[in-house]
Amino acid sequence: MSNQPIKPTERPRNPHFSSGPSAKRHGWGPAVLSEALIGRSHRSLPGKAKLAEVVGRTRAILGVPEDYRIAIVPASDTGAVEMALWSLLGPRGVDVLAWESFGQEWVSDITTQLRIADTCVMTAAYGALPDLAQVDAARDVVFTWNGTTSGVRVPNGDWIADDRAGLTICDATSAAFAMDLPWRKLDVVTWSWQKVLGGEGAHGMLVLGPRAVERLESHVPPWPMPKLFRMTKGGRLIETIFEGETINTPSLLAVEDAIDGLAWAEELGGLPALIRRCEGNLAIVSDWVQRSAWAGFLAQNAETRSCTALCLQIVAPEVRALDAAEQGRFVSRMVGLLDREGVAYDIGAYRAAPPGLRLWGGATVENADMKAVLPWLDWAYETVRLDGVPGRPVPAAALA
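Residues numbered from 1 in each chain as written. Predicted model: local features only at pLDDT ≥ 70, side-chain atom pairs only at ≥ 80, totals over all residues. Heavy atoms only, no water.

Caption draft 1: Examining the nonpolar core more closely. Within the largest apolar cluster, 92 residues are counted, with the highest numbers of intra-cluster contacts made by Trp145, Phe177, Trp294, Leu359 and Leu377. If near-sequence neighbours (up to four positions away) are discounted, Leu377 is found in contact with Trp288, Trp294, Leu312, Met334, Leu338, Ile347, Leu357 and Leu359. Counting 35 residues, the second-largest nonpolar core is a separate cluster that includes Val107, Ala212, Val213 and Trp223. (Core = buried A, V, L, I, M, F, W, Y, C linked by side-chain atoms within 4.5 Å. Buried < 20%, exposed > 50% of the residue type's maximum accessible area, 1.4 Å probe, protein only. Contact = heavy atoms within 4.5 Å.)

Caption draft 2: The arrangement of the sheet that holds strand β1 (residues 69–74) in detail. One open sheet accounts for seven strands, arranged β1-β9-β8-β7-β4-β2-β3; its pairing is mixed. A single partner strand is all that each edge strand has here, and the edge strands are β1 and β3 (119–123). Ignoring strand direction, the axes of neighbouring strands in this sheet form an average angle of 15°. With four bridges connecting them, strand β4 (residues 140–144) and strand β7 (residues 168–171) associate as parallel partners. From the neighbouring strand, Thr144 faces β7, where its bridge partner is Asp171. (Pairing = 2+ DSSP bridges. Helix = DSSP H or I, 4+ residues; strand = E, 2+ residues; numbered from the N terminus. Axes fitted to C-alpha atoms, helices over the stretch in contact; angles between N-to-C directions.)

Caption draft 3: Region of the structure containing the pairing of strand β13 (residues 309–314). Of all six residues that make up β13, six are buried, and the element is covered over most of its length. Burial of β13 is two-sided: the residues Ala309, Cys311 and Gln313 facing one way and the residues Leu310, Leu312 and Ile314 facing the other way are all buried. Two elements, strand β12 (residues 295–297) and β13, share three bridges in a ladder whose sense is antiparallel. Residue Gly296 lies in a different strand from β13, and its bridge partner there is Gln313. Inspection of the sheet shows β13 paired to strand β14 (residues 357–360) by four bridges, in the antiparallel sense. Note that in β14 the partner of Ala309 across the bridge is Trp360.

Caption draft 4: Representation of the sheet that holds β12 in the model. As summarised here, the arrangement of the three strands in space is β12-β13-β14, forming an open sheet in which the pairing is antiparallel. The outermost strands of the open sheet, each flanked by one partner alone, are β12 and β14. The sheet shows a mean angle of 35° between the axes of neighbouring strands, direction not considered. Relative to the sheet, helix α6 (residues 271–291) contacts β12 and β13, its axis offset from that of β12 by approximately 135°. Across the sheet, helix α9 (residues 367–387) is in contact with β13 and β14; its angle to β14 comes to roughly 165°.

Everything listed here is a matter of coordinates, which is why it stays silent on function.
See below:
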């Protein structure tokens, strides 16, 4: 046991570093749901008021322009994005950007499900961005603002033309409440509750700018439209969807939880405070990576590095020399050690991403917890490295 690394003495107060569902805010407990309208209809006056409260507080915190509509929709961010794709695409050619798993899903939707012939797919490997200068302002563009599974974000909206003819459809699920979105550059924005504010899953948010509404009211998609995707009736936008009413039945427990997260964000100081917390987590990990002999960011360019999805890879030559399967087993053993210690849950890289670690750095993750977990990563790495043989179980002594 003498050659085993010494375990750190300080433990994160909250070991939840999963990228979704993400950590609850510090101090959260079931009591915050005591005002939930359990057993009441979401179409009752109190139910509508709760849903409208989510919309109103969201608009205020994020600074969503008054002429943009906001809706609560089913099926998380995925449902929100697909509502937009199926409802809006078709009249123009489409540029779709993909540099991680979810962007690839939108490529699949557009090319194999909607089968839009005039589609230009622009891709980049994990850790990089496509050439944003190649996006054509005359065409619609579909992209993720922040790559949850790659740790790469677009640096700003300067590449989006103010006088564009096409629509910008932005999946912002791990960017909303963590990054400053340029609303007038974005015609459609989506996200889910279970990301930066740590809300419960199953619900998504869909924001439509005036240009998107104009497209909805002038374009009839050539494909069948499921009920859950329909936002118009008789060629006009169904305004009530964007006034707190929902297409299907939402969970009022989840709605109450969303209200708690929004109220917490307001108490902190709104969007600027949320951004500072997220950027603080990135700075903490960046400083550690600079001093690390074995860990590096998957995103090579610091200007495009995510402050929420902190994706790491092992850069030590002895591990890089292993094949992908052996590297995966090495990382899996690290993840298992940290899980059993109860210091970091669910931090393995996304299943389709290169082998590595992924720490969620959203606003509900305390900077102090991010600092505390990093020595544990060093401990886990050294423990597995000293064991020496990829795929072999970690010795019992290492778990003592």
